[in-house]
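# Summary of the model geometry
The chain contents come next:
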Amino acid sequence: MDYPQDNSALQRQFAEQFDLKRLPSDFFVNPYPYYEALIKYAPIKKLPDGGYFLTRYKDLDFVYRHPEVFSSDKRVLFKPNMGDSLLYEHHTHSLVFNDPPLHTRVRKLIGAALSPKAIQLLEPGLKVLVNQLLDSMSLKYKEVGYVDLISDFASAIPVEIIGNLLGVPQQDRGPLREWSLSILGALEPVLTEESFNRGNQSVAEFVAYLKILVADRRANPGDPGKDVLTRLIQGEENGERLSELELLHNCIFLLNAGHETTTNLIGNGIVLLIDQGQEIQKLFENPDTTKSVVEEILRFESSNQLGNRITTREVMIDDVLVPAHTQITLCMGAANRDPDKFDRHNEFDALRSNNRHLAFAGGIHTCAGMGLARLEGEIALGAFFNRFPKVKLLEQPKLTGRVRFRGYSSIKAVLVS
Ligand code: HEM
């Protein structure tokens, strides 16, 4: 979108006409000028379908702090499009799309499974994996003259790491990526028949596979201190247990939640840092700068741009009275560039301090895997730029074209050493 940032008439017109279900094609390429117009002229935007689209940091923060008013329960929202399908069963059993008490129960078990200690155990395997991928890319580059930093690198990492987390045998991991992409693809603002069918089929195949894996793990439990699936099966000692459906669907959710989002963190980070054209290696010289680079990537090109809530009662959001049972879309991609919260909001500053972005949301649903996501980002990006500091893009990277999840489907590059 190349209208000038200071063209207020055009920005105002866009904010007035904004409809999440009828987006202009350049929104998919660069939504940020649109977000900026909304923050300026319609921060609590009423959509043609009666829902509201929120873009300001302070309004998202308010919503996250009041989960009793802004429910995450998606049974009503998903019913018209998903009916009684398996896709509906899956999404309505995921902890992210539920309120307390179901959410609290599942979160407690999953939160413990993703504890700092459990994540620490994954670190050595993660480093080995990243180095293997870098070696393979080096070889491939010598053979074919380019690599694809999504398929050869960024997307290979989360699948393996979550596969390790749940103890999915190596030879079974092939279909995980496609299942995950199809199931999450069905959460786009407009659900086509094709993406519904693909998503549904993927849930069916995923559940069938997990039933076998879970039965095997029940018969041969691992060490619950190390094996997350055994831990989720056994629940807490003398405490909470997951039902079979909760277990299966939350395992799928874990695999999905950590997959496309983390791929996008790594892919978006590589493109942003190449675009910077500065001495990238220096940024990864110590753990503090590495951490701030990853936080700024998360802020500037948030992997997960949209979230949803529904109001349980009439509520004031700033000066707007929003009725009960209203769909609310939270735009983290916009809030993370809110000029009232971030200085030089449209500038990528790899060493930005006090970067309290909302890429992992906030409140009771704050991403349970953020420690793991950060670790993957830090290790993958650090090792990549140390090995290939002069990497160059071969062509314009291809975006996935999704609105909810922002990232690339392909980044062809030349590994100049
Ligand atoms: C860069 C990578 C990631 C990003 C940007 C991200 C983002 C998010 C966001 C925004 C939410 C909240 C959704 C909402 O409330 O509407 C969330 C929830 C969640 N994420 Fe992540 N995520 C990432 C990686 C991961 C990883 C690696 C895992 C685990 C393996 C994970 C597991 C979860 C879980 C379990 C929830 C549900 C939390 C709850 O409802 O209590 N995420 N994530």
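Structure's up top.
Below, the structure is looked at part by part. (Residues numbered from 1 in each chain as written. Predicted model: local features only at pLDDT ≥ 70, side-chain atom pairs only at ≥ 80, totals over all residues. Heavy atoms only, no water.)

## Overview of the site of the ligand
- Close to the ligand lie 28 residues; His103, Arg107, Arg309, His365 and Cys367 are nearest.
- Here Arg107 contributes a side-chain N or O atom positioned 2.7 Å from an oxygen atom of the ligand.
- The contact in question runs from an oxygen atom of the ligand to an N or O atom on the side chain of Arg309, over 2.9 Å.
- If you list the elements that add at least two residues to the shell around the ligand, you get helix 7 (102–113), helix 14 (244–257), helix 15 (260–276) and helix 19 (370–387).
- Its residues placed into classes, the shell around the ligand shows 17 nonpolar, nine polar and two charged. (Near = heavy atom within 4 Å. Polar contact = N/O pair within 3.5 Å; in protein donor to acceptor, adjacent residues only side chain to side chain. Helix = DSSP H or I, 4+ residues; strand = E, 2+ residues; numbered from the N terminus. Nonpolar A, V, L, I, M, F, W, Y, C, P; charged D, E, K, R; others polar.)

## Re helix 4 (residues 57–65)
- What helix 4 keeps buried is the set Tyr57, Asp59, Leu60, Val63 and Tyr64. The buried residues of helix 4 occupy one face: seen down the axis, they fall within an arc of 165°. (Buried < 20%, exposed > 50% of the residue type's maximum accessible area, 1.4 Å probe, protein only. Arc of directions from axis to C-beta.)

## Things to note about the packing of helix 7 against helix 14
- Running from amino to carboxyl end, helix 7 crosses helix 14 at an angle of 60°, the nearest separation of the two axes being 12 Å. Considering how the two elements wind past one another, helix 7 and helix 14 form a crossing that is right-handed. Along its contact with helix 7, which presents Leu102, Arg105, Val106 and Ile110, the element helix 14 presents Glu246, Asn250 and Leu254.
- Split into classes, the residues belonging to the contact of helix 7 with helix 14 amount to four nonpolar, one polar and two charged. (Axes fitted to C-alpha atoms, helices over the stretch in contact; angles between N-to-C directions. Left-handed = near helix turned anticlockwise from the far one by under 90°. Contact = heavy atoms within 4.5 Å.)

## Concerning the coordination of the iron atom of the ligand
- Within the protein, just one atom coordinates the iron atom of the ligand: Cys367 (SG), at a distance of 2.3 Å.
- Here Cys367 is to be found in the loop between helix 18 (332–335) and helix 19. (Donors = N, O, S within 2.8 Å, 3.2 Å for Na, K, Ca; no water.)

## A few points about the environment of Pro323
- Examined against the element boundaries, Pro323 turns out to sit in the loop between strand 7 (320–322) and strand 8 (327–331).
- Placed eleven residues apart in sequence, Pro323 and Thr312 show a C-alpha to C-alpha distance of 8.8 Å.
- Discounting residues that sit within four places of it in the chain, Pro323 has contacts with Tyr52, Thr311, Arg313 and Glu314.

## Considerations on helix 8 (residues 116–144)
- Between its first and last C-alpha atoms helix 8 spans 40 Å; for 29 residues at 1.5 Å apiece the expected length is 42 Å, and the two agree.
- Maximum bend of helix 8: about 35°, positioned at Glu123, with proline Pro124 one to four residues after it.
- Residues of helix 8 that are buried make contact with helix 7, strand 4 (147–148), helix 9 (150–154), helix 10 (156–166) and helix 19.
- Of the residues trailing helix 8, Gly145 is marked for its positive phi of about 90°. (Expected span 1.5 Å × (residues − 1). Bend = angle between axes of the 7 residues up to and from the residue.)

## Topic: the sheet that holds strand 12 (residues 412–414)
- Spatially, the three strands line up as an open sheet ordered 4-12-9, and their pairing is antiparallel. Two strands lie at the open edges of the sheet, namely strand 4 and strand 9 (392–393), each paired on one side alone.
- Pairing geometry for strand 9 and strand 12, over two bridges, is antiparallel. The partner of Lys392 across the bridge, within strand 12, is Val414. (Pairing = 2+ DSSP bridges.)

## Here we look at the packing of helix 6 (residues 86–93) against helix 14
- Relative orientation of the contacting elements helix 6 and helix 14 amounts to 85°, with a least axis distance of 8 Å. The angle between the axes of helix 6 and helix 14 places the two elements in the roughly perpendicular class. When helix 6 is examined against helix 14, the residues Glu89, His90 and His93 are found in contact with a partner set consisting of Leu245, Glu246, His249, Asn250, Ile252, Phe253 and Asn256.
- Across the contact of helix 6 with helix 14, the residue classes break down as three nonpolar, five polar and two charged. (Parallel < 35°, antiparallel > 145°, perpendicular 65-115°, else oblique.)

## Observations regarding a nonpolar patch on the surface
- Side chains of Val144, Tyr146 and Leu394 sit close together on the surface and give an oily, nonpolar patch of about 250 Å² of accessible area.
- Following the sequence through the fold, Tyr146 ends up in the loop between helix 8 and strand 4. (Patch = residues over 30% accessible without salt bridge, like charges linked within 9 Å, V, L, I, M, F, W, Y side chains within 5 Å. Areas by Shrake-Rupley, 256 points an atom, 1.4 Å probe, with all protein chains shown as cover. Salt bridge = Lys/Arg side-chain N within 4 Å of Asp/Glu carboxyl O.)

## Re the side chain of Asn256
- For Asn256, the location among the structural elements is in helix 14.
- Not counting the four nearest positions on each side in its chain, Asn256 is found in contact with His90, Ser180, Ile183, Leu184 and Phe206.

## Re the pattern of salt bridges
- For the structure shown, the criterion picks out 24 salt bridges.
- Residue Arg217 pairs with Asp227 through a salt bridge whose shortest N-O separation is 2.9 Å. On the criterion of sequence distance, the pair formed by Arg217 in helix 12 (residues 193–219) and Asp227 in the loop between helix 12 and helix 13 (228–234) is long-range, its members being ten residues apart.
- The buried category is assigned to Arg217, whose relative accessible area is 10%.
- In this structure, the salt-bridge partner of Arg344 is Glu347, at a minimum N-O distance of 2.9 Å.
- What you see here is one network of salt bridges that share partners, running through Arg56, Lys58, Asp59 and Asp318.

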